[in-house]
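Spelled out, the chains give:
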Amino acid sequence: MTDLIHSLKKLEAYIISEEYKGYDPYDSLMSPLFKFPLLRSNKIIRFGFQQVYRRIPFNTRKLFGIKKGLNPVTLGLCIQAYTYLSQILPAEKNFYLKEIDSLLDKLILLKSKGFSGACWGYDFDWEARYTKIPAHKPTIVATGIITNALYSNYKITGNQHSLSLILDSVNFLKDLNKTYDGNDFCFSYSPFDKQIVFNATMKGARLLAQVYSITKENSLEEEAKKIVAFVMKYQNKDGSWPYSHGDDRKWTDNFHTGYIIDALLEYCNLIENDDYRKNLEKALNYYENNFICDNGIPKYYKDSIFPIDSTAAAQTIITLVKFGCMESAQKVVEWIVLNMQNIKGYFYFQRKKFYTNKISYMRWSNAWMLSALSYFILKSERL
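Residues numbered from 1 in each chain as written. Predicted model: local features only at pLDDT ≥ 70, side-chain atom pairs only at ≥ 80, totals over all residues. Heavy atoms only, no water.

A. Representation of the packing of helix 10 (residues 254-271) against helix 11 (residues 277-291). Axis separation between helix 10 and helix 11 bottoms out at 10 Å; the angle between their running directions is 150°. As summarised for this structure, helix 10 and helix 11 are arranged roughly antiparallel, according to the angle between their axes. Between helix 10 and helix 11 lies a crossing of left-handed hand. Contact residues: helix 10 offers Asn254, Thr257, Gly258, Ile261, Leu264, Leu265, Cys268 and Asn269, while helix 11 offers Arg277, Leu280, Ala283, Leu284, Tyr287 and Phe291. (Axes fitted to C-alpha atoms, helices over the stretch in contact; angles between N-to-C directions. Helix = DSSP H or I, 4+ residues; strand = E, 2+ residues; numbered from the N terminus. Parallel < 35°, antiparallel > 145°, perpendicular 65-115°, else oblique. Left-handed = near helix turned anticlockwise from the far one by under 90°. Contact = heavy atoms within 4.5 Å.)

B. Representation of the pattern of salt bridges in the model. One pass over the structure, following the stated rule, counts 15 salt bridges. Close ionic contact of Arg249 with Asp247 constitutes a salt bridge, the shortest N to O distance being 2.7 Å. For the pair shown, Arg249 and Asp247 are each scored as buried. Members of the salt-bridge network, linked through shared partners, are Lys43, Arg46, Asp125 and Glu127. (Salt bridge = Lys/Arg side-chain N within 4 Å of Asp/Glu carboxyl O. Buried < 20%, exposed > 50% of the residue type's maximum accessible area, 1.4 Å probe, protein only.)

C. Geometry of the sheet that holds strand 9 (residues 308-309). Taken in spatial order, the three strands make up an open sheet running 9-10-11, and their pairing is antiparallel. In this open sheet, the two strands that pair with only one neighbour each are strand 9 and strand 11 (356-360). Sheet analysis places strand 10 (residues 348-351) next to strand 11, joined by three bridges and oriented antiparallel. When the sheet's bridge partners are listed, Arg351 is paired in strand 11 with Thr356. Along the sheet face, helix 13 (residues 326-340) touches strand 9 and strand 10 and points at about 105° away from the line of strand 10. (Pairing = 2+ DSSP bridges.)

D. Up close: the nonpolar core. Membership of the largest hydrophobic core comes to 129 residues, with the highest contact counts inside it found for Leu264 and Ile317. Leaving out residues up to four positions away in the same chain, Ile317 has contacts with Ala329, Val332, Val333, Ile336, Met369, Ala372, Leu373 and Phe376. (Core = buried A, V, L, I, M, F, W, Y, C linked by side-chain atoms within 4.5 Å.)

E. Up close: unusual backbone geometry. For the bond from Phe306 to Pro307, the omega torsion is 0°, close enough to zero to count as cis. Relative to the helices and strands, Pro307 is located in the loop between helix 11 and strand 9. The phi torsion at Tyr20 lies on the positive side, around 70°, for a residue other than glycine. Its location among the elements puts Tyr20 in the loop between helix 1 (2-17) and strand 1 (21-22). The exposure class of Tyr20 is buried, given its relative accessible area of 4%. Residues other than glycine seldom take positive phi values, yet Lys216 does so here, at roughly 60°. Here Lys216 lies in the loop between helix 8 (198-215) and helix 9 (218-232).

Below is the structure:
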């Protein structure tokens, strides 16, 4: 465990030295080139460039005028990691608590303006297949990741600033569009679309359940139940879910599946509802049997080992730890630290079959790995 803490501290030192700023796989549209009229508005060009650029294994962002950004999700995940580290390393607890307060101040400044509650988006323009989300406009994914981190911080440390943000954030859900199936419904990905994306709406259900666990407001419980019921209708017989419904994104991958499973577990525990425990068990069995190799390599898709992705690895660790699968989690931790961490402390983006994309991405790779490794150490020490 000493070696793992050393690796974790190297990552922490790297993130702090960069002042939490960094590049992102999807930040290419922040190039000044895309301020020109045609490039600013042409969806095909914008989407195509973004998808191609994130696959290039060498970093040319300086040539394109793309600057390192401060992503709210990075701050949320680091708050979560520092919360765990304040328990793991009591001698450094005061440092971590001060750093958490500093990051909370930054999060407040980065809140999206003009919405019903505290919410966040990414710091770059994002051209998705079925929507366009400008920089700093909120999504339930970004908001849900951040509020989950704040909830962990509040439950462990009692931080009242985190509590205040969580209680405010649940009001943002009013701004999302709803797609109904009978009485059950799905939240949209953002206030600007009507997509049915299962991992996204489950983050909304988790936020409702977390706030309900604090306030015991019955309407929150009822809303969460309807969302979970909606999502369970679309679970496949093998325990998996497609990424979305109503369009051609039928794939099933590692980390989006992990998001759903984690949110469903949180819902079942906080609402004290056992109706979907069998769904949860089936989903976990699918996850373990399809996304983890015997040697600890986390698979991106069930039929392909490559690309080996740092975020998928981080989510694999988190999901396995949540369900007490510590031996499997340890294999993933050992493999990813040995094969994907640079000597400077940061983690590589992806390992392909014939080469490794060694670009350092602050949100995608580093913040997720900081949170995952600290969570693994915390739970390992409490066994």
